[in-house]
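Listed below, chain by chain, are the residues.
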There are 2 protein chains.
Amino acid sequence: MDSKHTFTCTLSSGTNIACIKYWGKKSVALNTPINSSVSVTLDQKDLKTVTTVVASKSFEKNRLWLNGTEEDVTNSKRFNACVDGVRRMGGERRGEGKEVLVEKGGWGDYKVHVSSMNTFPTAAGLASSAAGYSALVKCLAEVFCASESYPGELSTIARQGSGSACRSLQGGFVAWRMGSKADGSDSMAEQVCNENHWPEMRAVILVISDLKKDTSSTEGMGTSVDTSELLGFRAREGGVVDRRMELIEKAYKERDFEAFGKVTMQDSNQFHATCLDTYPPIFYMNDTSKSVIKIVHAYNAWKGRVAAAYTFDAGPNAVIYCLDDVVDEVLALMLQYYPGRRLDGRYVRDGEAWGRARGAKLDEGLLRECDKKGRRRGIRGDVKMVYVTKSGPGPIVMDDGESLIDLKTGLNRFKKQRGEVGWGGLTGVGIAVGLAVLFGVGLARRK
Amino acid sequence: MDSKHTFTCTLSSGTNIACIKYWGKKSVALNTPINSSVSVTLDQKDLKTVTTVVASKSFEKNRLWLNGTEEDVTNSKRFNACVDGVRRMGGERRGEGKEVLVEKGGWGDYKVHVSSMNTFPTAAGLASSAAGYSALVKCLAEVFCASESYPGELSTIARQGSGSACRSLQGGFVAWRMGSKADGSDSMAEQVCNENHWPEMRAVILVISDLKKDTSSTEGMGTSVDTSELLGFRAREGGVVDRRMELIEKAYKERDFEAFGKVTMQDSNQFHATCLDTYPPIFYMNDTSKSVIKIVHAYNAWKGRVAAAYTFDAGPNAVIYCLDDVVDEVLALMLQYYPGRRLDGRYVRDGEAWGRARGAKLDEGLLRECDKKGRRRGIRGDVKMVYVTKSGPGPIVMDDGESLIDLKTGLNRFKKQRGEVGWGGLTGVGIAVGLAVLFGVGLARRK
């Protein structure tokens, strides 16, 4: 490699879980949404994508390794939209002695090698594409020294990789404003509150399925836009979503969990309602998901207030938002009803939380109510793994020592090891396929 | 008993299964709906309510036996609305020699004894209340020689017992027009086509649950009206339901199964979508119900047309409409995926249909597609019983020899015998509770 014309960056980015859901594209070509949405960017402790980008004049073509396996990106519209989009924003790059290495706009001859890995199950409804594409775009921006001509410009590129990815470019509570311009240039993310605004916010994640969903988000929302009148009503200007966006942003700013939690649950349910109203209908939640909903409502009824709030993305996994004063109780409650197959602490991906939850005493009246409304206690296996996490920052640049690419050869050096993704139930093949779908590689190929 | 002033009638009435769903009351007091609906009245061969009414001057009070067990109806608003409503419509009654036995309007001194039994599981989403209240009202009308001052007047009384009951007063395809008058007098049933109009129509019913639903229709729709914006949109004037009513009535009249089937499925899904949009959400379908939906869509895709159409009421049970040219195939397909716990012919409540379905050869490609989209073959137990039925007539007057009441004593003589309800999984207590709920007896008592 020509080391003078080779630049690299490695960084990590977190997932985000929407409170007001994005479902439906206004323009498929631009990947703009039919309604605005807002999400909490999650801490990167457990759930993150790590990505290395190396740009070099000596590379023959763009290459991509996903979790150690190379994918052909020649025809990947989404991947190339990100690389080309950020490259066009590329700025002047100077060396340590302040000497100009690459002029502004001088990135045309550079090709990239990218290696990316997830620390969590891919394409199972944990917003893996959000983490993946936000990491890619931010990493490209670092390498190309891209500077925004207006705030949020980078998020308009990430959006073209995967809609929800634009929201992971920032930490805390982040809105994706749908925008109104025909070219999509104002359809971008905006931070409502940073990750320190509401430090008490917690998210308990129940991973219910280890299977890839049978309807991809892109395919599902296309059918929904075409066939669900309820979705059209929900998304119309000044309609349900617009009112909820106002409500929840105010709630988050004022740290009003009651209001935040209620609208979060309502919007999750309404999103899944529009999926059911789609023809043919789409189901993402299963009977286990529904039992979580019933238990959370029973819990709130027992508390006499909205103390926990579930939300479900395009998959059966439950994310339960709550504040830190009840998180031990909420986790303990979930462990009663979803004890997991494993008997050790690895079931809960937060040893401290697990320890505290094990010590928590649950009220017998509460349990009886949940038994009645939710489901029987102690059924193992329906939940595969539990994360206890919180709101976190946007992408974090890492040391070159963490690079997934060998900086001498320019080739991937990351190899998936058994258990490396922190998730025993997923095979290597499953991950490769998952990541391929995530980056639109498989999709592009089939066309 | 004073036999000169004692009159009786015994009749049977069928259930109905809505294609455009009723969900939500405009007036709780009048039991008027927020939207019109339309249903197929089912044949009474397997699924019916049999009711005997005896009216006598010598009775001290109104009495009711449900499946052999007496219930206190003193405070049952719904029961008394029916008895009083029909009594007010009472006409002149003449004897065999044409002599006047009771003058028009001369029924004020009469009290009634009523005995009623179902031949199918109660309150499990098979529209038991429709059969029950239509039988009651029609039977009262026979006894009181009630004549309508306008067509459909009787259905306005049945509606006060249970909304959907008004549609069971007639056979075939029956609409419930929501009406617009403040007193509810034009909120009534109207026959769109009689039961002979489309004799090829079949209904395959999969009884998925033997449990009473955990949210009653009345309670559920109240919460939905209060909290679901999607329901408001669906039901608004000139909205989704109004357009669908037009479409499906035209389809039924023209015997266009494609159009009939598609809108039936869409409306079932939209009804359940509004339940999910309710806060807290209501779930009536379970994972088995959903697998039926997926298998029906896979079947239609394989056929290249809408050849079967599912619909789900307020419960997990599936009703699959199809025409007689495919009913053996549809039943055979269902038996592959829902073989039932019993290995004998009693699982399918139509011996001939079962025999034919057993002989039907299913395409391997179809089965592979259903395996992929729906669920694994051969899982027993999720479906408890299968009915194969068709459209049928409204209430049918029976011979006095079939009376459920001893005409000498005026007391109930029907005793539930083990298996008498054609349904091994339901206990006597379950039935009594179910029927009590059905007639609003338990509810009235608790108040």
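Computed from a prediction, not measured in an experiment: that's the story for all the values here.

A closer look at the overall build of chain A
- Scanning chain A for helices and strands turns up 13 helices and 20 strands.
- Here chain A, with 447 residues, has 61% of them falling under the buried criterion.
- A separation threshold of at least 6 residues defines the contact pool for chain A, and within that pool the share at least 24 residues apart is 77%.
- Here chain A displays about 17,300 Å² of accessible surface, and carbon together with sulfur accounts for 47% of that area.

Focus on the interface of chain B and chain A
- Facing the 30 residues of chain B at the interface are 31 residues of chain A.
- Both sides of the chain B and chain A interface together cover about 2,800 Å² of buried area, and 62% of this is carbon and sulfur.
- If you look at where chain B meets chain A, you find 2 salt bridges.
- Between B:Arg243 and A:Glu229 there is a salt bridge, and its shortest N-O distance comes to 3.1 Å.
- At the boundary of chain B with chain A, the tally comes to 7 residue pairs in polar contact (both at pLDDT 80 or more).
- For the side of chain B that touches chain A, the secondary-structure elements that each account for two or more residues are helix 5 (229-235), helix 6 (240-253), helix 7 (257-276) and helix 8 (287-303) of chain B.
- Here the side of chain B that touches chain A takes 8 residues from helix 7 of chain B, the largest share from any one element.
- When the residues that make up the side of chain B that touches chain A are grouped by side-chain class, the tally is 14 nonpolar, 7 polar and 9 charged.

Topic: the packing of helix 8 of chain B against helix 9 (residues 327-337) of chain B
Residues and elements named next belong to chain B.
- Between helix 8 and helix 9, whose axes approach to 11 Å, the crossing angle comes to 135 degrees. Relative to helix 9, the element helix 8 is oriented oblique. Crossing handedness for the pair helix 8 and helix 9: right-handed. Listed contacts from helix 9 to Ile 295, Val 296, Tyr 299, Trp 302 and Lys 303 of helix 8 are Glu 329, Val 330, Leu 333, Met 334 and Tyr 337.
- Counted by class, the contact of helix 8 with helix 9 contains 8 nonpolar, no polar and 2 charged residues.

Looking at the relation of the copies chain B and chain A
- It takes a turn of 180 degrees to lay chain B on chain A, together with a shift of 0.0 Å along the axis; the resulting RMSD is 0.0 Å. The superposition operator between the copies reduces to a two-fold rotation axis. Closest approach to the rotation axis within chain B is made by the C-alpha atom of B:Ala273, at a distance of 2.1 Å.
- Of the residues that chain B buries at the interface, 100% are likewise interface residues in chain A, meaning the two copies contact each other through the same surface.

Regarding the sheet that holds strand 8 (residues 69-71) of chain A
Residue and element names in this part refer to chain A.
- Here 6 strands make up an open sheet; going across it, the order is 8-7-11-6-1-18 and the pairing mixed. The sheet is open, and its two edges are formed by strand 8 and strand 18 (396-398), each paired on a single side. On average, each strand axis in the sheet is tilted by 25 degrees relative to the strand beside it, whichever way the strands run.
- Where strand 1 (residues 6-14) lies against strand 18, 3 bridges are found, and the strand directions are antiparallel. Opposite Ser 12, over in strand 18, you have Ile 396 as the bridge partner.
- Contacts between helix 2 (residues 128-143) and the sheet are confined to strand 1, strand 6 (48-56), strand 11 (111-118) and strand 18, with strand 1 contributing the most and set at about 150 degrees to the helix.

As for unusual backbone geometry
All names here are of chain A.
- For the peptide bond that leads from Tyr 279 to Pro 280, omega is -10 degrees, which places it in the cis range.
- The phi angle at Asn 31 is positive, at roughly 55 degrees, despite the residue not being glycine.
- Mapped onto the fold, Asn 31 is located in the loop between strand 3 (25-27) and strand 4 (32-33).
- On the basis of relative accessibility, which here comes to 7%, the residue Asn 31 falls in the buried class.
- Look at Asn 67: it is not a glycine, yet its phi comes out positive at around 50 degrees.
- Along the chain, Asn 67 turns up in the loop between strand 7 (63-66) and strand 8.

Side note on the sheet that holds strand 2 (residues 16-20) of chain A
Residues and elements named next belong to chain A.
- Taken in spatial order, the 4 strands make up an open sheet running 2-5-12-13, and their pairing is antiparallel. The open sheet has two free edges, formed respectively by strand 2 and strand 13 (188-193), since each of these has just one partner strand. Across the sheet, the mean angle from the axis of one strand to that of its neighbour is 35 degrees, orientation sign disregarded.
- Bridge count between strand 12 (residues 173-177) and strand 13: 5 bridges; the pairing is antiparallel. Bridging from a neighbouring strand, Trp 176 pairs with Ala 189 of strand 13.

Rules behind the numbers
Throughout, residues of each chain are indexed from 1 in the direction in which the sequence is written. Each chain is given a letter, starting from A, and each ligand a number, starting from 1, according to the order in which they appear as written. At least 70 in pLDDT is required for a residue's local features to be given in this predicted model, at least 80 for side-chain atom pairs to be given and counted, and no such filter applies to totals for whole chains, interfaces and linings, which use all residues. Water and hydrogen atoms play no part in the side-chain values, which are based on all heavy atoms of the structure. We count a stretch as a helix when DSSP gives it H or I for four or more residues in a row; a strand needs E for two or more, and each element gets its number in order from the N terminus. We call a residue buried when its accessible area falls under 20% of the maximum for its residue type, exposed when it is over 50%, and partly exposed in between, using a 1.4 Å probe and counting protein chains only. Pairs of residues are marked as contacts when any of their non-hydrogen atoms sit within 4.5 Å. Surface accessibility follows the Shrake-Rupley procedure with a 1.4 Å probe radius. Residue values consider only the protein chains on display as shielding. A simple way to read buried area is as the amount of 1.4 Å-probe accessible surface that goes missing from two parts once joined, with both sides added. For salt bridges, the criterion is a side-chain nitrogen of Lys or Arg within 4 Å of an Asp or Glu carboxyl oxygen. As used in this structure description, the phrase polar contact means that two N or O atoms lie within 3.5 Å; if the pair is within protein, one of them must be able to donate a hydrogen and the other to accept it, and residues adjacent in sequence are counted only when both atoms belong to side chains. Under the scheme applied, nonpolar residues are Ala, Val, Leu, Ile, Met, Phe, Trp, Tyr, Cys and Pro; charged residues are Asp, Glu, Lys and Arg; polar residues are all the others, including Gly. Each axis is a line fitted through C-alpha atoms, and for a helix only the stretch in contact is used; angles between axes span 0 to 180 degrees, taken between their N-to-C directions. Roughly parallel here means an angle under 35 degrees, roughly antiparallel means over 145, roughly perpendicular means 65 to 115, and every remaining angle is called oblique. Helix crossings are classified by the rotation of the near helix relative to the far one: an anticlockwise turn of less than a right angle makes the crossing left-handed, while a clockwise turn makes it right-handed. Least squares is the method used to superpose the copies, on C-alpha atoms of residues holding a pLDDT of at least 70 in both. Between any two strands, pairing holds if DSSP finds at least two bridges.

Read these as geometric descriptors, not functional statements.
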